[in-house]
Amino acid sequence: MTAGGATTAVSEHDHTVPIPRQPEPVSPDEGTPEGPLAAAEDQLADPPHEPSATVDTEPAVEPAEVPAVEAVPPAADEVAAASRWPIPHGPLPAELAPETRAPDAGEPERAADKAIVASAPVSGRHDGRAHALTQLACLLSGLLAAAVGALRLSWPGLWGDELATWGMTTVSWDELGRLLGGSDVVIGPYYALVKGWTMLAGSSDVALRVPSVAATAVTAMLIAALGSRLASPRVGFVAGLLFAVVPAVSRYAQEARPYALVTMFAVLATLLLTRLAERRGAGRVVAYAASVTALGLLHPLALSLLAAHAVVVLVAERQAFARWMAGAVAGAVPGGVLLWLGYRQASQVSWIPLARLSSLAEYPGEVFGAALGAGVILALALFAVSLRRPAVVYSAWALVPTALVFAAGTAIPLWLPRYLLFTIPAWVLLAATALGRYPVIRGLVAIAAVTVLAVPAQSQLRAVDGHSQDTRQLAALIASLSRPGDGIVYGTLDRGGGWIARDTVAHYVPAEQQPTDLLAERPQRTGGHLLAAECPAIVKCLGRADRVWLVRLGETDNPLVGIGKPKMEAFTNYDVVKTWRPRGFTLALLLRRPG
């Protein structure tokens, strides 16, 4: 501090505020300064000392002046120092930009400034805000996905595959084991999971679908967490909400099959991969391996995700290759064994056509559930496809499994778009990454556009025949029109006709209103056999039944065509008097001719 017209610097946090000093008049008689400022200096001054031209007032601790620190936002690579997954494109989001930077090494530092820095941790404020925004993104995404998934959950009737799930819950554990030895072994873990669930919650349509709704809600939360972790809460928020409004997501959230659970574990495994790449630790390897195990047990084809993870590790995290490989191999073993067992039952998927180039054209609409909405998401996603971090995670996830399953599907019957539903999170994360370069309002506009474009598809999915087969209408017709003494026969040569129609009647038609199954000698799912055993002497087994219901899968003009020669001959004395065609079925009433 100088006695003349100099200035003094008062340090506040990380910058210096100059305070102008007024000239101090000196009395010619007393030789001492006057005024309030002089009084303050007197309080800070040492005991009287010899006068000099410059009056120095010295506090108890001599402060060394700290140069002013200019508040500048760090570059993206500075932010990357705190995370192995920097933002790949665009300016740093405002919510992620630190407010100040620390002084350079070697700058003088006063004890008072140390106290100020300690009392105002800028990075702590940033971390707290980012954490709160991430939690909000996860919460809103999960709530929206749960709400959309639960909307009219009970309306669509169970279709064939869901009826297979229901049927497996009706047998004993021993019988379930025998059945899986002959069919559906690749879905065995899911059947066991749902059977255990129905022992607690019952086997209604809603109870069977609740695990899928819950898994979809958790998946949306995990997507928001992953996007927030690798990019920003804004990206996570947009991706989570976008996932929730995709029609195929709510379609399989309302289905008693493993696809929603598979998608959940695919996102979880990818999230754990990013943690595994950051730091060594046996716990992280074990967690990743456990998620891969669950993924493979629920659907072995989903292990194609590991190829995408390999690309990520080789491109972005080579130093983590050894620990990734350990987790991937350990986790893939159970699913690999299940896949080998399923290969021995390959006849069950023989109906799937081999993949062709035209199959790829059908892929977007079938995976996303609505062609227009799929176009919006894919158009946005293509702008973000990259081998740069973190887009490489999503790009490999979206493209590599699809390419592998398609290539395998050209030689063996594997190509079904619903087998690749676990890639939807990658596509929405890519779309959110593209939108993350702009204000959040544009992301909300994109979500609104996809929602509006998906309304017709969402409405259709929630109709009574929304799952492709109107099983409820079929059952209602039989229950309302059947009479005591009526019989029923099924077109077992139709694909799925040996069990879907029987399961429909068993599940939806009250026992006292069910026509007699005239040809069944052994019920379904007994003795280790999925299908019922039918009487070979059809004419004899028909007996003298005057009214016979015939159920066929598919909508046919003539219900007798294609049922097989023995049944055709047995019905030569019957007339088809009425035919109904609920979606996915043909139901006919046959009357015996007089005499």
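Residues numbered from 1 in each chain as written. Predicted model: local features only at pLDDT ≥ 70, side-chain atom pairs only at ≥ 80, totals over all residues. Heavy atoms only, no water.

Asker: Give a description of the overall build of the protein chain that names residues and reports values.
Answerer: Secondary structure assignment for the protein chain yields 24 helices and 9 strands. Per-residue burial over the protein chain gives 48% buried out of 595 residues. A sequence separation of at least 24 residues applies to 76% of the contacts in the protein chain between residues at least 6 apart. For the protein chain, the computed accessible surface area is about 27900 Å², with 63% contributed by carbon and sulfur atoms. (Helix = DSSP H or I, 4+ residues; strand = E, 2+ residues; numbered from the N terminus. Buried < 20%, exposed > 50% of the residue type's maximum accessible area, 1.4 Å probe, protein only. Contact = heavy atoms within 4.5 Å. Areas by Shrake-Rupley, 256 points an atom, 1.4 Å probe, with all protein chains shown as cover.)

Asker: Requested: an account of the pairing of strand 3 (residues 487-490), with residues and values cited.
Answerer: Side-chain positions along a regular strand alternate between the two faces of the sheet. Alternating residues of strand 3 divide into G487 and V489 and I488 and Y490, and every residue in both groups is buried. In terms of strand pairing, strand 3 meets strand 4 (residues 516-517) through 2 bridges, oriented parallel. The residue bridging G487 from the neighbouring strand is T516, located in strand 4. In this fold, strand 3 hands off to helix 22 (residues 500-508), which returns the chain to strand 4; that crossover is right-handed. Bridge analysis of strand 3 against strand 7 (residues 547-553) gives 4 bridges, and the strand direction is parallel. Paired with V489 across the bridge in strand 7 is L550. (Pairing = 2+ DSSP bridges. Right-handed = clockwise from strand over helix to strand, strands pointing away.)

Asker: For the packing of aromatic side chains, give the residues involved together with the corresponding values.
Answerer: The full count for this structure, using the stated rule, is 7 aromatic pairs. Aromatic pair Y252 and Y259: ring centres 5.5 Å apart, planes at 80°, arrangement edge-to-face. Within the aromatic cluster, the residues linked to one another by ring pairs are Y363, F406 and W415. In this structure, R152 is placed above the aromatic ring of W155, and the distance from its NZ or CZ to the ring centre is 4.1 Å. Across the ring face of Y252, the terminal group of R251 is positioned such that the distance to the ring centre comes to 4.8 Å. (Phe/Tyr/Trp six-rings, centres within 6.5 Å; stacked < 30°, edge-to-face > 60°. Lys NZ or Arg CZ within 6 Å of the ring centre and 35° of its normal.)

Asker: Tell me about the sheet that holds strand 9 (residues 585-592), and please be specific about residues and values.
Answerer: Within the open sheet, the 5 strands sit side by side as 4-3-7-9-8. Their pairing is mixed. Because the sheet does not close on itself, it has two edges, and the strands there are strand 4 and strand 8 (574-580). The pairing of strand 8 with strand 9 spans 6 bridges and is classified as antiparallel. Residue T579 lies in a different strand from strand 9, and its bridge partner there is A588. Sheet strands touched by helix 21 (residues 471-481): strand 3, strand 7, strand 8 and strand 9. Its angle to strand 9, the strand with the most contacts, is close to 20°. (Axes fitted to C-alpha atoms, helices over the stretch in contact; angles between N-to-C directions.)

Asker: Any chance you could break down a nonpolar patch on the surface for me, citing the residues and the numbers?
Answerer: On the surface, a nonpolar cluster with roughly 670 Å² of combined accessible area is contributed by L314, V315, F321, M325, V329, V333, V337 and L387. Elements with a minimum of two residues in the nonpolar patch: helix 13 (305-316) and helix 14 (321-343). Among the secondary structure elements, M325 is positioned in helix 14. (Patch = residues over 30% accessible without salt bridge, like charges linked within 9 Å, V, L, I, M, F, W, Y side chains within 5 Å. Salt bridge = Lys/Arg side-chain N within 4 Å of Asp/Glu carboxyl O.)

Asker: An account of the packing of helix 8 (residues 205-230) against helix 17 (residues 391-409) is needed here, citing residue identities and associated values.
Answerer: One can describe the packing of helix 8 onto helix 17 by two numbers: an axis separation of 10 Å at closest approach and a directional angle of 140°. As the angle between them shows, helix 8 and helix 17 are arranged oblique. Residue-level contacts link L226, G227 and L230 of helix 8 to V393, Y394 and W397 of helix 17. Grouping the amino acids of the contact of helix 8 with helix 17 by side-chain chemistry returns 5 nonpolar, 1 polar and no charged. (Parallel < 35°, antiparallel > 145°, perpendicular 65-115°, else oblique. Nonpolar A, V, L, I, M, F, W, Y, C, P; charged D, E, K, R; others polar.)

Asker: Report on the confidence of the model for the protein chain, specifying residues and quantitative values.
Answerer: This prediction gives the protein chain a mean pLDDT of 82; 79% of its residues lie at or above 70. When mean pLDDT is compared element by element in the protein chain, helix 8 scores highest at 97, while helix 3 (residues 111-119) scores lowest at 31. Every residue in residues 1-123 scores below 50 in pLDDT, and together they form 125 contacts with partners more than four places removed in sequence or on other chains. (pLDDT = per-residue confidence, 0-100.)

Asker: Explain the nonpolar core residue by residue, including any values.
Answerer: In this structure, Y288, F368, I377, W397, I424, W427 and V551 are the most contacted members of the largest nonpolar core, which totals 131 residues. The element best represented in this core is helix 11 (residues 259-278), accounting for 13 residues. In contact with I377, not counting residues within four places along its chain, are L242, V246, F368, W427, V428, A431 and V450. Core analysis: the second largest hydrophobic core is formed by 15 residues, V489, A545, V548 and Y574 among them. (Core = buried A, V, L, I, M, F, W, Y, C linked by side-chain atoms within 4.5 Å.)

Asker: Lay out unusual backbone geometry in plain terms, naming residues and giving numbers.
Answerer: Look at the link from R389 to P390: it is a cis peptide, with omega at -10°. Locating P390 in the fold gives a position in the loop between helix 16 (371-382) and helix 17. At R152, a position not held by glycine, the phi torsion is positive, near 55°. With respect to the helices and strands, R152 occurs in the loop between helix 4 (122-150) and helix 5 (160-169). Positioned with a positive phi, R525 is a non-glycine residue whose angle comes to about 55°. Here R525 is to be found in the loop between strand 5 (520-522) and strand 6 (533-534).

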